[in-house]
Amino acid sequence: MGEREENFIEWLNNVLFTAQIYDYRYPVKGMGIWMPYGYKLRQNVINIMRKLLDKTGHEEVLFPLLIPRTMLEREATHIKGFMGEVFWVTRGGKSRLDMELALRPTSETSMTTAFRDWIQSWKDLPLKVYQVVSVFRYETKSTRPLIRVREISTFKEAFTAHATSEDAWRQFREAISIYKRFFNALGIPYIISSRLPWDRFAGADETVTFDTIMPDGRALQIGSVHYLGQRFSKAFDAKFMTEKGKYEHIYQLSYGISERVIASIIAVHSDELGPILPPNVAPIQVVIVPIPYKEVEEAVYKYARRIYDELKRRRLRVHLDDDPEETPGSKFYKWERRGVPLRVEVGPRDLENGGATLVRRDTRERLFVKLEQLAEEIRRTMRVMLREMKERAWREFKARLKPAKSLEEIGEVVKNRMIAIVPWCGSEECAHEIEDLTGYKILGKPLRKPRKSRDKCPVCGRSSITILYVGRSY
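Definitions and limits used
Residues numbered from 1 in each chain as written. Predicted model: local features only at pLDDT ≥ 70, side-chain atom pairs only at ≥ 80, totals over all residues. Heavy atoms only, no water. Helix = DSSP H or I, 4+ residues; strand = E, 2+ residues; numbered from the N terminus. Rg over C-alpha atoms; globule rule 2.2 N^0.38 Å. Buried < 20%, exposed > 50% of the residue type's maximum accessible area, 1.4 Å probe, protein only. Pairing = 2+ DSSP bridges. Contact = heavy atoms within 4.5 Å. Axes fitted to C-alpha atoms, helices over the stretch in contact; angles between N-to-C directions. Domains from an automatic or database assignment. Core = buried A, V, L, I, M, F, W, Y, C linked by side-chain atoms within 4.5 Å. Phe/Tyr/Trp six-rings, centres within 6.5 Å; stacked < 30°, edge-to-face > 60°. Salt bridge = Lys/Arg side-chain N within 4 Å of Asp/Glu carboxyl O.

How would you explain the overall build of the protein if you had to name every residue and give the values?
Of the regular secondary structure elements, the protein holds 15 helices and 25 strands. Computed over C-alpha atoms, the radius of gyration of the protein comes to 25 Å, within 12% of the 23 Å expected from 2.2 N^0.38 for 474 residues, which places it in the range of a compact globule. Principal-axis analysis of the C-alpha atoms places the extent of the protein at approximately 85 × 55 × 50 Å. Looking at the protein residue by residue over its 474 residues, the buried ones come to 56%.

And the structure:
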């Protein structure tokens, strides 16, 4: 095993900076800087989510960063879960504020306050909105770049309001479907699980999470969907008039993702050298590297420029690296470190034969292509590459899910950088025992009960009714 598996966080931090994606050296703990290349990657990823949300009737909004303490405290369970993580603003210049203001840790309270004013009758429902903003949480554990930060700078949070519980649960299923399509588009494999009651989002009646696995074997939560029911609407008195003229409280959902998605892309699609960015989100899909020789330098550079112009015209995200001071070999290494999916090499022989050499970042496969076919071959190769990246990621992911029928087997599985699939009788007491006795975290249980089995709960020995996912997590 290499550094990617043995020292994943150190590897990730190094890769993020070397690839010019994210600079984690900012002098405030738990906060980093999106560099231009990384910001483009971030935008490409977020735009996939935007399209999915827009197509399903969500509308984008932008709420204030500051939340009054009185507003945050309206829902008791919610504030109890977040109080230890809140950043507070208490002064404006030299003057002490007349009320404490929180830097947004999440927006359920803000959104419900607005919904109370926006929603008057059943005709205003359902209401579906989302925003992409920064949220702040005073993370007391060891911070990690993109994975565990104090400013979550790519927080997509969606909020919906409904007239009935049935419609809210329908939306709950749609939210899960949206996330499945989103992560599938990025080639990030996942397990979908229902969190156990003590591990749900503060104020939620149900929490479903998407988890993937990092190279070191730890699970990473990359998305969550929360059924809030009427908890917040009752706390904020957010009502609507029904068709029969009665007033009832709205039903609500919230669901979010963060920059952990970017961390997952880099972790899942990578090698020891660095990221292998999926072509559909890569800031640069193709880099053109001229390979000049004496007496034909000008002709090679001119030909490379011609190829660049043609690919640009065909709306590919392309970059021409024609720096004469740098060798082709060092350019190959530089762009591989930045995860560019495809490289086009242009030398005298390519010029003579009227084509170029196409090289894949993931397999290093090389293919000579005629110039008139190059753009279409690039598109075809990107489709094949993305499909194979997804298949490879899922294959490796599934190999890290392993059954464990005893507490000892759970330990062996997790120590081998895997997630244990554990039979469970359904007793919360036994679930707590599994966590306490193994020292590992229960990620959740499947949304659907698995097929009947004769497996026994490793704690009490009773027949299992479902399974639990157990492992290390970030």
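Go over the pairing of strand 6 (residues 95-103) with me, naming the residues and quoting the values.
Examined bridge by bridge, strand 4 (residues 66-68) and strand 6 share 3 bridges and lie antiparallel to one another. Bridging across to strand 6, leucine 66 finds its partner in leucine 103. Pairing between strand 5 (residues 88-92) and strand 6: 4 bridges, direction antiparallel. Within strand 6, the residue paired with valine 89 across the bridge is leucine 101. What sits between strand 5 and strand 6 in their antiparallel hairpin is a turn of 2 residues, with glycine 93 showing a positive phi close to 65°.

Summarise the sheet that holds strand 3 (residues 59-60); cite the residues concerned and give the values.
Pairing within the open sheet is mixed, and its 11 strands lie in the order 3-7-8-14-11-10-9-24-25-23-22. The open sheet is flanked by strand 3 and strand 22 (401-403), the only strands paired with a single partner. Its contacts with the sheet put helix 3 (residues 36-55) on strand 3, strand 7 (127-136), strand 8 (151-162) and strand 14 (251-257), and the angle it makes with strand 7 is roughly 160°. Lying on the sheet, helix 7 (residues 165-186) is in contact with strand 7, strand 8, strand 9 (191-194), strand 10 (206-213), strand 11 (219-229) and strand 14; it crosses strand 11 at an angle near 165°.

Provide a residue-level description of the sheet that holds strand 5, including the pertinent values.
Taken in spatial order, the 3 strands line up as 4-6-5 in an open sheet, and their pairing is antiparallel. Edge positions in the sheet fall to strand 4 and strand 5, since each has one partner strand and no second. Recorded for the sheet is a direction-independent mean angle of 50° between the axes of neighbouring strands.

Mind laying out the domain arrangement of the protein, listing which residues take part and the relevant values?
For the protein, the assigned domains are domain 1 (3-271), domain 2 (286-381) and domain 3 (401-471). The centre of domain 2, based on its C-alpha atoms, is set 51 Å off from the matching centre of domain 3.

Explain unusual backbone geometry to me, using residue names and the numbers behind them.
Of note, the bond from leucine 125 into proline 126 is cis; its omega dihedral lies within 30 degrees of zero at -5°. Note on placement: proline 126 falls in the loop between helix 6 (108-118) and strand 7. Non-glycine residue arginine 364 carries a positive phi angle of around 65°. By the secondary structure assignment, arginine 364 is in the loop between strand 20 (355-360) and strand 21 (366-370).

A description of the environment of leucine 320 should follow, citing residues and the corresponding values.
For leucine 320, the location among the structural elements is in strand 18 (residues 318-320). With 110 residues separating them along the chain, leucine 320 and cysteine 430 place their C-alpha atoms 60 Å apart. The residues touching leucine 320, leaving out its near neighbours within four places in the chain, are Ile288, Pro290, Ala304, Arg305 and Tyr308.

Before we move on, can you summarise the pairing of strand 14 with the specific residues and values?
Most of strand 14 sits inside the fold, with 7 of its 7 residues counted as buried. Neither face of strand 14 is open: one carries Tyr251, Leu253, Tyr255 and Ile257, the other Gln252, Ser254 and Gly256, and all of them are buried. The sheet contact formed by strand 8 and strand 14 spans 7 bridges and is antiparallel. In the strand pairing of strand 14, glutamate 157 is matched with glycine 256.

A description of the nonpolar core should follow, citing residues and the corresponding values.
Membership of the largest hydrophobic core comes to 68 residues, with the highest contact counts inside it found for Phe182 and Phe183. Here the element with the most residues in this core is helix 7; it accounts for 10 residues. Summarising the domain contributions, this core has at least three residues from each of domain 1 (3-271) and domain 2 (286-381). Filtering out sequence-adjacent residues up to four positions away, phenylalanine 182 remains in contact with Val45, Ile48, Met49, Leu52, Ile257 and Val261. In terms of nonpolar packing, the next biggest core, distinct from the first, is built from 25 residues, Tyr308, Leu371, Met385 and Met389 among them.

Please set out the packing of aromatic side chains residue by residue, giving values where relevant.
Summed over the entire model, instances satisfying the criterion amount to 19 aromatic pairs. Between phenylalanine 8 and tryptophan 11, the ring centres sit 6.0 Å apart and the planes meet at 25°, which makes this aromatic pair stacked. Linking phenylalanine 8 with tryptophan 11, this pair stays in helix 2 (residues 8-18), spanning 3 residues, or about one helical turn. Among the residues examined, phenylalanine 8 registers a relative accessible area of 2% and is labelled buried. Taken together, a centroid distance of 5.6 Å and an interplanar angle of 80° make the contact between tryptophan 394 and phenylalanine 397 edge-to-face.

Give me the pattern of salt bridges: which residues, what numbers.
Counted according to the given criterion, the structure contains 37 salt bridges. Of the charged contacts in the structure, one is a salt bridge between arginine 343 and glutamate 336, with a shortest N-O distance of 3.4 Å. Judged by its relative accessible area of 14%, glutamate 336 is buried. With a shortest N-O distance of 2.7 Å, arginine 360 and glutamate 388 are connected by a salt bridge. You can see arginine 360 sitting in strand 20 and its partner glutamate 388 sitting in helix 13 (residues 374-398), a full 28 residues away along the chain. With a relative accessible area of 6%, arginine 360 lands in the buried category. Where salt bridges share partners, they join Asp271, Glu336, Arg343, Glu345, Arg361, Arg364 and Arg366 into one cluster.

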